[in-house]
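Each chain is listed here by its residues.
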Amino acid sequence: MRRGAAIAIVLASSVAIAGCAAIVGLQDHELGSIAIDASATDGADADPCSACAVGYACVDGRCGNEVVEVAASGTHACALLRVGEVWCWGKSQLGALGVDSAATPARCGAYACRPTPARVAGVSSAAHVAVTEDATCALGRDGVVSCWGRSVHGELGHDPAADPPCARQAIGDAGTATESCRATPTAVTMPGNVVILQIVAGSSGACARSVDGHVYCWGDDYVAVDGVFPIPTGGFVATPTRIVGIEGDGALVAMSGADGHGCALRVFDSVWCWGANGSGELGHAKSTMGDKACIFGVACNPIAQAAMGAGGTAIAVGQGASCVRRGDGTVACWGANDSAQLGNGASVDSNAHAIGAVVGLSNIITIEQHYQTGFAIDGNARVWAWGLSSNGALGTPATSIACANGTCVPTATVVPALEGSVQIASTRAGGIALKKDGSVWTWGINELGQLGHAPGDGDASCRDGPCRESPSVMRGLP
């Protein structure tokens, strides 16, 4: 626990904790009251905000600056602090960290990077954060979404022609191509100025859920993940577009890290999905629900449709696969299984793609699956993992077997050292865990400083570069 702040973070799914409102956008945990350590005040009768410790700020009459949410992509990661600040680290090439790459001259291989966290200027009252591969979006407490970073495919929610060019490769590389980007947070204009409650991000796009339950998406649309077909010229949708089929009762939204599909959990536990369906990730067999052929011939459907037989209380989607937490605390997945991301004991893909339970899981509170690995947190605050295990992706020494994309673990196994976790964000091959004591733990591939430290600094040599094969606490956050 940092600087003496006593934090009581309680796992809950929807019930507000007395004396504290839920942080908007968080699925399965809320913040309890934050007690003020005696060292941070002048006495029992003193104003609790008159003497906040260094690095802390006054929020709702309490001193606090702990991490309340983490978000990750394959290239960078961010943390949201209770006071509303966003801190980011990793690849800085296209402005995803909120600074021009020239201001972060460190190099991680071919790219400019900043492997230690730093605050994003201009963001002070965020309630939620989400990251694409080279961009970041924050939801303000006022319901306004702001984005920054790469914008070549409309990732920032506006026409990329309005943004300046940024070097795609590392600083100093002569003759490199450029892509449009904007390193400073810019507000996304939502249709009708609707108020947003939740944001999620994929590889090159993002989606937002409004207060009236509708879902709006923008960015790369090559498999109709933005709800637009035929695919627009250029292959992207620059401004938020409403997904047809989610009509006024959306509850939670999830989006694939591979930018392939999205799903929404509606009231009464029904799951509705849209976008790519090359592996049955929408919950139905290819072409049986009017799927179309998108770019590259991948089956897709831009209209949200029910995933037959799927229902639950939390939703997560990964590369070619989708998962739900069911009401009985088990987890069910469907879609691709080329990296054992279905957790059903198999290690090869098949044509069935049927909805089935993840072996070994019960009493689950929340789930995460953004790429080809799956994570779950149970009622005892333990982390479970399954799927692709190459580059330390699962953070566990569990016996791995060969699969299509490297090595994998086909059933759920406990990840050591992560007891007390309340949230997981998965990277391309690894993850970031937030514990109830406010500490942040990282593991997996680290070629771009995604784990919050310089590549090679205590890392192992893995298949695709430096990595941490087991979780370790991250330093550098306030």
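Residues numbered from 1 in each chain as written. Predicted model: local features only at pLDDT ≥ 70, side-chain atom pairs only at ≥ 80, totals over all residues. Heavy atoms only, no water.

A. Seen up close, the overall build of the protein chain. Across its full length, the protein chain carries zero helices and 37 strands. By the burial criterion, 59% of the 478 residues in the protein chain qualify as buried. Sequence-distant contacts, at least 24 apart, represent 54% of the contacts inside the protein chain between residues at least 6 apart. Accessible surface, the protein chain as shown: approximately 16,500 Å² in total, 55% of it carbon and sulfur. (Helix = DSSP H or I, 4+ residues; strand = E, 2+ residues; numbered from the N terminus. Buried < 20%, exposed > 50% of the residue type's maximum accessible area, 1.4 Å probe, protein only. Contact = heavy atoms within 4.5 Å. Areas by Shrake-Rupley, 256 points an atom, 1.4 Å probe, with all protein chains shown as cover.)

B. View of the packing of aromatic side chains. Under the defined criterion, the tally for this structure stands at two aromatic pairs. Arranged with centres 6.0 Å apart and planes meeting at 65°, the rings of Tyr222 and Phe296 form a pair that is edge-to-face. One end of the pair, Tyr222, is in the loop between β17 (215-220) and β18 (236-242); the other, Phe296, is in the loop between β22 (292-293) and β23 (299-311), and 74 residues separate them in sequence. For Tyr222, a relative accessible area of 25% puts it in the partly exposed group. A relative accessible area of 71% places Phe296 in the exposed class. (Phe/Tyr/Trp six-rings, centres within 6.5 Å; stacked < 30°, edge-to-face > 60°.)

C. Focus on the sheet that holds strand β5 (residues 67-72). Strands sit in the order β5-β6-β7-β9-β8 across an open sheet of five strands; the sheet is antiparallel. What marks the edges here is a single partner per strand, and that holds for β5 and β8 (107-108). Bridge analysis of strand β7 (residues 86-91) against strand β9 (residues 111-119) gives four bridges, and the strand direction is antiparallel. What sits directly across from Lys91, in β9, is Cys113. (Pairing = 2+ DSSP bridges.)

D. View of unusual backbone geometry. Omega for the bond connecting Phe229 with Pro230 falls within 30 degrees of zero, at 0°, which places this linkage in the cis form. With respect to the helices and strands, Pro230 occurs in the loop between β17 and β18. In this model, Ala224 sits at a positive phi of 65°, which is unusual for a non-glycine residue. Of note, Ala224 is situated in the loop between β17 and β18. With phi around 75°, Ala417 is a residue other than glycine that occupies positive phi space. Relative to the helices and strands, Ala417 resides in the loop between β32 (406-414) and β33 (421-427). Overall, Ala417 belongs to the partly exposed group, its relative accessible area being 30%.

E. Spatial organisation of the nonpolar core. With 17 residues, the main nonpolar core has Val145, Cys147, Met190, Ile196, Ile199 and Trp218 as its most contacted residues. Put simply, the parts of the chain that give this core at least two residues each are β11 (135-140), β12 (145-150), β15 (196-201), β16 (205-210) and β17. With residues up to four places along the chain from it excluded, the contact list for Met190 reads Ile196, Ala208, Tyr216, Trp218 and Pro240. Counting 16 residues, the second-largest nonpolar core is a separate cluster that includes Ala72, Ala79, Ile432 and Leu434. (Core = buried A, V, L, I, M, F, W, Y, C linked by side-chain atoms within 4.5 Å.)

F. Fine view of the side chain of Glu155. Here Glu155 shows up in the loop between β12 and β13 (165-167). Glu155 gets classed as buried once you look at its relative accessible area, which sits at 1%. Within the structure, Glu155 has its side chain in polar contact with the side chain of Arg150 (distance 2.7 Å). At 3.3 Å, the side chain of Glu155 and the backbone nitrogen of Val152 are in polar contact. (Polar contact = N/O pair within 3.5 Å; in protein donor to acceptor, adjacent residues only side chain to side chain.)

G. Expanded view of the state of the cysteines. A full pass over the atoms with the stated rule returns nine disulfides. Disulfide partner of Cys108: Cys113, at an S-S distance of 2.0 Å. Residues Cys108 and Cys113 share a disulfide whose torsion about the S-S bond is about 70°; that sign makes it right-handed. Accessibility expressed as a relative area gives 4% for Cys108, which makes it buried. For Cys113, a relative accessible area of 1% puts it in the buried group. Residue Cys263 pairs covalently with Cys273 via a disulfide, S to S 2.1 Å. (Disulfide = S-S within 2.5 Å.)

H. A look at the side chain of Gln341. Relative to the helices and strands, Gln341 is located in the loop between β26 (331-335) and β27 (356-357). The class of Gln341 is buried, set by a relative accessible area of 0%. Ignoring sequence-local partners within four residues, the contact set of Gln341 consists of Gln319, Ala321, Cys333, Ala336, Gln369, Gln372, Trp386 and Gly387.

I. The arrangement of the pattern of salt bridges in detail. Summed over all chains, the structure comprises ten salt bridges. As a salt-bridge pair, Glu179 and Arg150 come within 2.9 Å of each other at their nearest N and O atoms. Taken together, the residues span a long stretch of sequence, with Glu179 in strand β14 (residues 178-187) and Arg150 in strand β12 at a distance of 29 residues. On the basis of relative accessible area, Glu179 is assigned to the buried category, the value being 11%. Overall, Arg150 belongs to the buried group, its relative accessible area being 13%. (Salt bridge = Lys/Arg side-chain N within 4 Å of Asp/Glu carboxyl O.)

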